[in-house]
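Reading the structure
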Amino acid sequence: MAIAERQQANGYSYSDPVVALDETTIEESVERFDYFRSAGVITAGEYHSPAWCLSDEVRRRTICFELDDITAYRCGQELGCSAKQYQQAMRVVVTARFGYSLCTLCNDVAAMVQFAHTRQAPDDYAQALLLYDFLTLLPGNSNRRQDIMRELETRTCMPHRHCRHQRNLACYKSYFRFDLILKDYWKTASASDKLMFFPAWFWWNVTSILPLRPTETVLTPRHCLSVSGTTHRLTVRRTKLKGTVQAVQYNINDDYELYSFPVPDHIAKEIENYIQATEHCYDSDIDILFCRLSENGYHYTYRNLAQCLWKFYRDVILGKYHMTVPDCECEDLQDDEIMRICLGDTRHIAMISLMLSGGSPSVCRELANHASIVTSAHYFSNISQFLDVLSLHVFRYSGPQVFSLQGELILDQKTPVEGGYCFSPKFRNGEYSDCGMVVSANGEFGDCRACQYFLPSSKSIDIKMPMDEARQHLKEKTRLLRYALESIRNGIGNTDTLGMVLDQLQAAEKNYLHMSSLARYLTREEIENE
C-alpha cells in the first residue's frame, strides 16, 4: 500500500502512488501546493509554514503541522525519523490528497499529529489505513514502528463496511411538537424575531419535505424563487460529490448543481418577505439566501444555522413555551418535554415520509440526491415507531376522515353498518366506490375495519386483533423492503420488485395508521350513550 496522489482531469480523479519521501516527491508536492495556492484553495501560508489556511468558498479551515519538542524527540526515539521528516511527510500527504474535502484533509492532519503524540494504533479503520500508508512513506525504521505497522495492518484487514453508525434520531414526538410550536410562534412573532429565526424556519419547512443536506440548505441561492405558470419554484444547490468519483474543485460552481422544485405559496411568501426585509442590509461574500451575522463573518455558515436552532430552543421553546429538554435520551416524553433536534434529522424524516406517501425508488433517489436507490436502505428502521407517533398526532391535530381537528367524533350524517358507523358520503348516497378501494392487511376487499370512513362502536368490535395484524403486516413489509434493497446491492435484485414492495408497504402503513387511530378513539368514551 502507499499514499495515493489524487490527480485531476476534466473534473474527475485518478490516483498515482507516492512511495518514498525523496527529492522528486517533495518537488512535486511543492508544485501542487503552488497550484492550489494560485487557485485560491490555499489562502495563507508558505509551503514550509507550520500552518496552512484552506478555503472551498463555503468554509475556511486551518491545518497545523507543528510538533512540540517532547513529541519531536519521542518520534525520533520510537519511529526512527526526525520531526522535520515527519512534518515534511505530512505536507506530502496533504498535497497528495487535494481533491478530497476540506474536512477530510483536516481529519487526516489531526490523525497524523495525534499519532505523533501517542504512537498508538487508532481504532478507526480510515485512520488506521491512512497511518499505515503514512508510516510506509516515512524514512528510517525502528522496532517500535514495525510493531505499530503490524497492528495497523491487522486493523485495516478487519471488515469495515458495517462500521458506519446510523443516525440516532430524537424521540419522534419531538418532531411533531417542534412543528406545532414553530407554527404557533410564527403566527404572532415580531418582524425582527422572524428575521432572526428565518433560517431555522426555512430549514424546518423546506428540508422536512425536500431532503436537503444542512450544508445544501445554507447554500440556497439568494434569488431562489421563480414562477412557472401559477406555481412557485425554489432553486437550491445540491452537491455533486456524494457517491461519485468526482474530485473536489473547492468552489461552489463546480462542486454544486442548481435544481428547481415546486413549493407551496406560503413558503414562497415567507422567502419573499425575508429577501425584501434584508434587501438594504444584505452582506455576503458568496451568493446565498441568508445574511451573515456579524462583521467577523464572511457569509452565513452551517455553524450559524446550528446556533440559530439552539437560540430558538433557548428563547422560544424553553423560554416562551416553558418546555424542558431531558438530560438523556428516553423512549417516551412527558407533555412538557422535547428532545433536541439535529440539523440532519429532517432529511431522515423527509425520506421516511416520502417513501410512505407513495414516492417511487427513482423519485426518492433523485430527491435525496443519492448515487443509488439502495443508499436509502437505512431510512426504513423504526417505521412502526414513527407511525405510532404519527397516528397520535393525526388523531389530535389533523384527524382521520371521521374526526374533527380536536379529535372529537363528527356524528352527523353517519350511516349505521354492521359493527359501527360509516361516514362515507358516497356510501350514504348508494355508491360503493369507497368500499372497493379498501384492502385489509390480509388482502380482503371491502373490509370495513380497514376503511378510513368506518368507526366501530366500542361494544361491537374488539380492535386488538386487527390492530395486532396490522402491526405484524407492517413489520413483514418492512423486512421485505430491506431484503429487496439488499438484493439490489448484491446484484441479484431489480427495481421492479422494489417498487412492488414499496406499494405494499404504503398500503400496510395506511392500514396501520387507521387501526392505530381507531384504537386511540376506543379508549375514550363510547360513540353514543346507548
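All values derive from a computational prediction rather than experimental measurement.

Attention now moves to the packing of helix α3 (residues 83–96) against helix α4 (residues 102–118). Relative orientation of the contacting elements α3 and α4 amounts to 160°, with a least axis distance of 10 Å. When the axis of α3 is compared with that of α4, the two are roughly antiparallel. Crossing handedness for the pair α3 and α4: right-handed. Taking contact as the criterion, the partners of Tyr86, Met90, Val93 and Val94 in α3 are, on α4, Leu105, Val109, Met112, Val113, Phe115 and Ala116. Along the lines of polarity and charge, the residues of the contact of α3 with α4 split into 10 nonpolar, no polar and no charged.

Further remarks concern helix α1 (residues 23–38). A rise of 1.5 Å per residue sets the reference length of α1, with its 16 residues, at 22 Å; its end C-alpha atoms lie 23 Å apart and thus fit the reference within 8%. Of the residues making up α1, those classed as buried are Thr25, Ser29, Arg32, Phe33 and Phe36. Projected onto a plane normal to the axis of α1, the buried residues spread over an arc of 105° and lie on a single side. Turned more than 90 degrees off the buried face of α1, the exposed positions are Glu23, Glu31, Tyr35 and Ser38. At the exit of α1 stands Gly40, carrying a positive phi of roughly 85°.

Among the residues of helix α2 (residues 69–79), those classed as buried are Thr71, Ala72, Cys75 and Leu79. Buried positions in α2, seen along its axis, are confined to an arc of 100° and lie on one side of it. For α2, the exposed residues set more than 90 degrees away from the buried face come down to Asp69, Ile70, Tyr73 and Gln77. The residue sitting at the N-terminus of α2 and contributing the capping side-chain oxygen is Asp68; that oxygen lies 3.1 Å from the backbone nitrogen of Ile70. One or two residues past the end of α2 sits Gly80, with phi positive at roughly 80°.

Across the sheet, which stays open at both edges, the 3 strands sit in the order β3-β4-β5 with antiparallel pairing between neighbours. Strands at the two margins of the open sheet, each flanked by one partner only, are β3 (42–44) and β5 (60–64). Taking the axes of each pair of neighbouring strands and ignoring which way they run, one obtains an average angle of 35° across the sheet. As paired elements, β3 and strand β4 (residues 51–55) share 2 bridges and run antiparallel to each other.

Moving on: the pairing of β5. The sheet contact formed by β4 and β5 spans 5 bridges and is antiparallel. In the sheet register, Cys53 faces β5, and the bridge partner there is Thr62. If you look at the hairpin formed by β4 and β5, you'll find 4 residues sitting between the two strands, and Glu57 has a positive phi there, around 75°.

Where the model shows low pLDDT, its predicted coordinates should not be examined in detail. On average, residues of the chain score 75 in pLDDT, and 63% of them reach the 70 mark or higher. Note that pLDDT drops below 50 for residues 524–530; the model gives that stretch 18 contacts with residues more than four away or on any other chain.

Counting 51 residues, the largest nonpolar core has Phe178, Phe202, Ile271 and Leu289 as the members making the most contacts within it. Broken down by secondary-structure element, the contributors of at least two residues to this core are α7 (172–188), α8 (191–207), β7 (231–239), β8 (256–263), α11 (265–277) and α12 (302–318). Looking at which element gives the most residues to this core, the answer is α8, with 8 residues. Setting aside residues up to four positions removed in sequence, Phe202 forms contacts with Thr207, Thr217, Thr220, Leu234, Ile271, Leu289 and Phe290. The next biggest cluster of nonpolar side chains, apart from the first, holds 45 residues, and it includes Met90, Leu105, Cys106 and Leu152.

Turning to the packing of aromatic side chains, a few remarks are in order. This structure, assessed with the given rule, holds 26 aromatic pairs. The interplanar angle of 50° and the centroid separation of 4.7 Å between the aromatic rings of Phe33 and Trp52 together place this pair among those described as tilted. Of this pair, Phe33 sits in helix α1 while Trp52 sits in strand β4, placing them 19 residues apart in sequence. Given the relative accessible area of 1%, Phe33 is considered buried. Judged by relative accessible area, which is 0%, Trp52 ranks as buried. Ring geometry for Phe36 and Phe98: centres 4.4 Å apart, planes at 25°, overall stacked.

This part takes up the sheet that holds β8. Taken in spatial order, the 3 strands make up an open sheet running β6-β7-β8, and their pairing is antiparallel. The open sheet has two free edges, formed respectively by β6 (225–228) and β8, since each of these has just one partner strand. Pairs of neighbouring strands in the sheet enclose a mean axial angle of 40°, with direction left out of account. In this sheet, β8 lies alongside β7 in antiparallel orientation, the contact comprising 8 bridges. Bridge pairing links Thr239 to Tyr256 in β8. Of the strands in this sheet, β6, β7 and β8 touch α11, which is tilted by about 70° from β7.

A separate point is the side chain of Arg91. Mapping Arg91 onto the fold places it in helix α3. Put simply, Arg91 is tucked away with no salt bridge, and the nearest opposite charge, on Glu66, sits 8.7 Å away. A distance of 3.0 Å separates the side chain of Arg91 from the backbone oxygen of Ser49, its partner in a polar contact.

Analysis parameters
Residues numbered from 1 in each chain as written. Predicted model: local features only at pLDDT ≥ 70, side-chain atom pairs only at ≥ 80, totals over all residues. Heavy atoms only, no water. Axes fitted to C-alpha atoms, helices over the stretch in contact; angles between N-to-C directions. Helix = DSSP H or I, 4+ residues; strand = E, 2+ residues; numbered from the N terminus. Parallel < 35°, antiparallel > 145°, perpendicular 65-115°, else oblique. Left-handed = near helix turned anticlockwise from the far one by under 90°. Contact = heavy atoms within 4.5 Å. Nonpolar A, V, L, I, M, F, W, Y, C, P; charged D, E, K, R; others polar. Expected span 1.5 Å × (residues − 1). Buried < 20%, exposed > 50% of the residue type's maximum accessible area, 1.4 Å probe, protein only. Arc of directions from axis to C-beta. Polar contact = N/O pair within 3.5 Å; in protein donor to acceptor, adjacent residues only side chain to side chain. Pairing = 2+ DSSP bridges. pLDDT = per-residue confidence, 0-100. Core = buried A, V, L, I, M, F, W, Y, C linked by side-chain atoms within 4.5 Å. Phe/Tyr/Trp six-rings, centres within 6.5 Å; stacked < 30°, edge-to-face > 60°. Lys, Arg positive; Asp, Glu negative; His and termini not counted. Salt bridge = Lys/Arg side-chain N within 4 Å of Asp/Glu carboxyl O.

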